[in-house]
Amino acid sequence: MIKCPECGHDVSTHAPSCPNCGCRIEHNLELCSFCGSYNIKQYKTCIKCGRSLNGDDDKVITFNAPETGVAEKTANNKQEENDNRKIQAAMAAQKVAEEEEAAAVQAAAVANQMTETAMAEEATEKIAEESDTTEDTTINNDFSSKEITFSTESNAATPETQAETPSEQPTEEPSATVTDDEKPAEQPSAETEDTTPTTAAANEAEPSPQPAEETDKAQPAVQPEQKPEEKAEETEKPKKKSHAITWICVSALIIAGIVGFKLYSNYTAAKHEEEVYTQVIKNPCEANIKQYLDEFPNGAHRNKIYEMNQKLIKSKKDWQKIAESSSAEDFMQFIDTHPHDDLVPSAQAKIDSLTWMKASLNDTEDEYLRYLSTPAKYIGKQKHREEAESALSNINKKKVEAADRSKVRSIFRKFFDAICNKDEATLKSTVAAPVKSFLNKPDATENDVVTFMRKVNSHDVSKLSYDMNGFIITKQFVEGKEECGYYTNFTLTQKKESTDRNKSGEKKFTVIARIDTNGKITEFNMKKVEQ
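Residues numbered from 1 in each chain as written. Predicted model: local features only at pLDDT ≥ 70, side-chain atom pairs only at ≥ 80, totals over all residues. Heavy atoms only, no water.

S.K.: What should I look at first to understand a nonpolar patch on the surface in this one?
M.R.: Taken together, the side chains of Val110, Met114 and Trp247 present a nonpolar region at the surface, about 260 Å² in accessible area. With respect to the secondary-structure elements, Met114 resides in helix 1 (residues 70-157). (Patch = residues over 30% accessible without salt bridge, like charges linked within 9 Å, V, L, I, M, F, W, Y side chains within 5 Å. Areas by Shrake-Rupley, 256 points an atom, 1.4 Å probe, with all protein chains shown as cover. Salt bridge = Lys/Arg side-chain N within 4 Å of Asp/Glu carboxyl O. Helix = DSSP H or I, 4+ residues; strand = E, 2+ residues; numbered from the N terminus.)

S.K.: Looking at this structure, I do not really get the layout of surface pockets. What am I missing?
M.R.: Empty space among the atoms can be located by rolling a probe the size of a water molecule over them. Of the volumes computed, that of the second largest pocket is approximately 590 Å³. Lining the second largest pocket we find 19 residues, and of these Ala90, Ala93, Gln94, Asn266 and Ala269 sit closest to its centre. Counting residues per element, the ones that place at least two in the lining of the second largest pocket are helix 1 and helix 6 (228-282). Broken down by element, the residue count for the lining of the second largest pocket peaks at 7 residues, all from helix 6. A breakdown of the residues in the lining of the second largest pocket according to their chemical character gives 9 nonpolar, 5 polar and 5 charged. (1 Å grid on protein atoms, 1.4 Å probe; cavity = no way out; pocket = protein on both sides within 12 Å on 5 of 7 lines; lining within 4 Å. Points joined across faces, edges and corners; volume = space filled by probe spheres on them. Nonpolar A, V, L, I, M, F, W, Y, C, P; charged D, E, K, R; others polar.)

S.K.: Sorry, what's going on with the nonpolar core here?
M.R.: Where a protein is soluble and globular, its nonpolar side chains tend to be buried together. Membership of the largest hydrophobic core comes to 35 residues, with the highest contact counts inside it found for Phe412, Phe415, Phe416, Ile419 and Phe524. Listing elements by their share of this core, those giving two or more residues are helix 14 (402-421), strand 5 (435-438), helix 16 (446-456), strand 7 (461-477), strand 8 (484-498), strand 9 (505-515) and strand 10 (521-528). Element by element, the count of residues in this core is highest for helix 14, at 8 residues. Once residues within four sequence positions are removed from consideration, Phe412 is found in contact with Met468, Phe471, Thr488, Phe490, Ala513, Ile515, Ile521 and Phe524. In terms of nonpolar packing, the next biggest core, distinct from the first, is built from 21 residues, Ala328, Phe334, Val344 and Ile351 among them. (Core = buried A, V, L, I, M, F, W, Y, C linked by side-chain atoms within 4.5 Å. Buried < 20%, exposed > 50% of the residue type's maximum accessible area, 1.4 Å probe, protein only. Contact = heavy atoms within 4.5 Å.)

S.K.: How should unusual backbone geometry be read in this particular structure?
M.R.: Negative phi characterises most residues that are not glycine, and trans characterises most peptide bonds. In this model, Ala433 is joined to Pro434 through a cis peptide bond whose omega is -5°. Considering the arrangement of structural elements, one finds Pro434 in the loop between helix 15 (424-429) and strand 5. Even without being glycine, Asn440 reaches a positive phi, approximately 70°. Within the fold, Asn440 resides in the loop between strand 5 and strand 6 (441-444). Taking the relative accessible area as the measure of exposure, Asn440 reaches 62% and is therefore exposed. At Asp443, a residue that is not glycine, the phi angle is positive and equals roughly 50°. Note on placement: Asp443 falls in strand 6.

Set out below in structure tokens:
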């Protein structure tokens, strides 16, 4: 014994069909290889577990995450049972619709049969009426011919009497005169004229004794009196016809209404399915796919929606692999693989965050440009766009051109030439007063700078020169002004010739210095490079 896949009643597996709903059972069952339940062969999926009957696990319809525990398996089973119930409900509704359509077809057949019956009855009644009319006409003709024959025989039998009493003829009627109820028609039928030639000749030979006025009067044809029962039947016939026609019209209207409603319902359902399917194509997210499968489990686009659902399941697995990644390229690859997935906005947010973090930490022109030039497909609406544009603007302002390099280099060339030439006036013109930091001495004066020059150019020094290399220059803007100074560091090679061999030779230093907006040195510090 098994449960009927259609109605759920117990039925034998060898029964030809279900005794309750008529579903075919024998030689039409297929055993599910996963749950062991019986299913109709026409079904592609098991109505109990929702798995494919041909054993293809990839076609399992599920919207749950991969199983990670007993609780999740229970939730999956409940979801599958709900989906199966919806499928069974849809099948039951389809069966009811088929029964309604069959009833409508049967009602149309009954109406057609009744219409044919009514037409046959109407034809029979017409034939009966024609036969009745023919019989009445025959009876009237026979009756008229008898009356006419009777009257002519009476007139022919009394010629002598009319001759003997001529004065009494106008006032006396013949003894064989027909009563008013039995008078024949004014004009005898053609058959009567043909059958009584002698009577017509006698009448032409002898004038009628009756006055002309009486002979000219038209005598109506005697009609047989109808019985009350016949009159009632004739009255009922139109009524029966009227009722039959009315009933046929009403039946036709009812059938037309049922068929029209069925067609309209099918049209409305098909139109709604196309609308939902179009929405899924435009945005194949989980919510839209689930809506289509819930409303149209056996819809026309079912297979294509299943494929979309499998892609959605795969996208969830791919997302779990990169969810904790710190590489923006991983999330870009996810968007390329699943461009219409629900998780695309989350991937875009991750790309935006990671790209901005890298740009802000490096604080370089290239990194800010990379952040701003990232396609909207990957980054969506950039949350840090204004910050990036502001930082890039500051970098561009600080960007040193060739003219700036030449200006800074000329200031320091003048400073070192003044030291080598022992030119105190020129040396003082190159430095600010006071110098904020000179050789690590804060707020140094011009005299401190001159003292450094004298110390370098001692009496035993015969020749002194400085070479500058590797300038790194950055603009320093004054807040609220377009004027700028310069911050620089470079390497300095000192070459000295002295009578004291210990003082002669080359020395290398790293110099860090600042120049204000007036072109004066405000900071100057050197550090010897050990060789």
